[in-house]
Amino acid sequence: WLFVAPDNGVLELVYQRHPHRVWALDAEQFALKPISNTFHGRDVFALAAAMLAKGAPPDQLGQRIEDFARLEIPQPREIGSSRRRGQVLKADRFGNLVTNLRLSDLPERFRITVGNAAIATLRPSYAAAAPGEVFAIEGSSGYVEISVNRASAAEITGARAGAAVEVVEAGGGE
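Residues numbered from 1 in each chain as written. Predicted model: local features only at pLDDT ≥ 70, side-chain atom pairs only at ≥ 80, totals over all residues. Heavy atoms only, no water.

Participant: Could you give me a rundown of the overall build of the protein chain, with the residues and numbers involved?
Facilitator: A count of helices and strands for the protein chain gives four helices and 10 strands. Secondary structure elements of the protein chain occur, N-terminal to C-terminal, as α-β-α-α-β-β-β-β-β-β-β-β-α-β. Against the compact-globule benchmark of 16 Å for 174 residues, the protein chain has a radius of gyration of 21 Å, which places it well outside the compact range. Seen through its C-alpha atoms, the protein chain measures out along the principal axes to roughly 65 × 35 × 25 Å. When each of the 174 residues of the protein chain is scored for burial, the buried share is 37%. Partitioning the contacts of the protein chain with sequence separation of at least 6, the portion at a separation of at least 24 is 57%. (Helix = DSSP H or I, 4+ residues; strand = E, 2+ residues; numbered from the N terminus. Rg over C-alpha atoms; globule rule 2.2 N^0.38 Å. Buried < 20%, exposed > 50% of the residue type's maximum accessible area, 1.4 Å probe, protein only. Contact = heavy atoms within 4.5 Å.)

What follows is the structure, given as structure tokens:
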């Protein structure tokens, strides 16, 4: 795959999941003139993407770099043998709470605590939840999200970006 993007960390999830090499575009060499200070999507990135799509090797567009911007995404931590602590990365425009947890961080039977809510249900889709139900779902970015069918999880739980998310293995008498 080839991605054309600003060097601001936006490709961090790609960097974490796939081997990668990064080039800095030499905009003066091939970009539309004059280059706008605010519209690089048109003046630089679109032309670079078109050249790559036509088969130009990335080396023709600029120099390979190693010091590209990385985005620090906090990782969940183990707390004892049956607990894991993560955090809310953001609340999206629908009020879904995107956490830094992956499905692999959830035991088969779990209880997630975030804000004033405790969640023990993983749903495959929003429609699989009852209206008003607070549940966990794997979001499009691969992170576990806390959601409420037809409502805002951020409002219902009172949680925001940075809030602690605790996962406990539910079993026995819990």
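Participant: Help me get a handle on helix 3 (residues 40-53), residues and values and all.
Facilitator: The terminal C-alpha atoms of helix 3 lie 18 Å apart, and with 14 residues this matches the ideal 20 Å at 1.5 Å per residue to within 8%. Every buried residue belonging to helix 3 is among D43, V44, F45, A48 and L52, and all of these are buried. Once helix 3 ends, the next one or two residues include G55, with phi positive near 105°. (Expected span 1.5 Å × (residues − 1).)

Participant: Can you explain the packing of aromatic side chains? Please cite residues and give values.
Facilitator: On inspection of all chains with the given rule, the structure shows two aromatic pairs. Between the aromatic rings of Y126 and F135, the centroid separation amounts to 6.1 Å while the plane-to-plane angle is 70°, which identifies the pairing as edge-to-face. By relative accessible area, F135 is classed as buried at 0%. The ring of Y143 is capped by R102, whose NZ or CZ atom sits 4.0 Å from the centre of that ring. (Phe/Tyr/Trp six-rings, centres within 6.5 Å; stacked < 30°, edge-to-face > 60°. Lys NZ or Arg CZ within 6 Å of the ring centre and 35° of its normal.)

Participant: How would you explain the pairing of strand 9 (residues 144-148) if you had to name every residue and give the values?
Facilitator: The buried fraction of strand 9 amounts to five of the five residues, a majority that puts the element mostly inside the structure. Going residue by residue along strand 9, you find V144, I146 and V148 tucked away on one face and E145 and S147 tucked away on the opposite face as well. Bridging between strand 8 (residues 134-138) and strand 9 involves five bridges; their strand directions are antiparallel. Looking at strand 9, one finds that V134 is bridged to V148. Connecting the antiparallel pair strand 8 and strand 9 is a turn made up of five residues, with G142 showing a positive phi of about 90°. (Pairing = 2+ DSSP bridges.)

Participant: Mind laying out the nonpolar core, listing which residues take part and the relevant values?
Facilitator: Within soluble globular proteins, side chains that are nonpolar tend to cluster in buried spots. L97, I112, V114, I119 and I146 are the most contacted members of the largest nonpolar core, which totals 19 residues. If you list the elements that add at least two residues to this core, you get strand 6 (110-114), strand 7 (117-119), strand 9, helix 4 (153-157) and strand 10 (164-169). Apart from residues lying up to four places away in sequence, I146 is in contact with N96, L97, T99, I112, V114, I119, V134, F135, A136 and A153. Core analysis: the second largest hydrophobic core is formed by six residues, V14, Y15, V22 and F68 among them. (Core = buried A, V, L, I, M, F, W, Y, C linked by side-chain atoms within 4.5 Å.)

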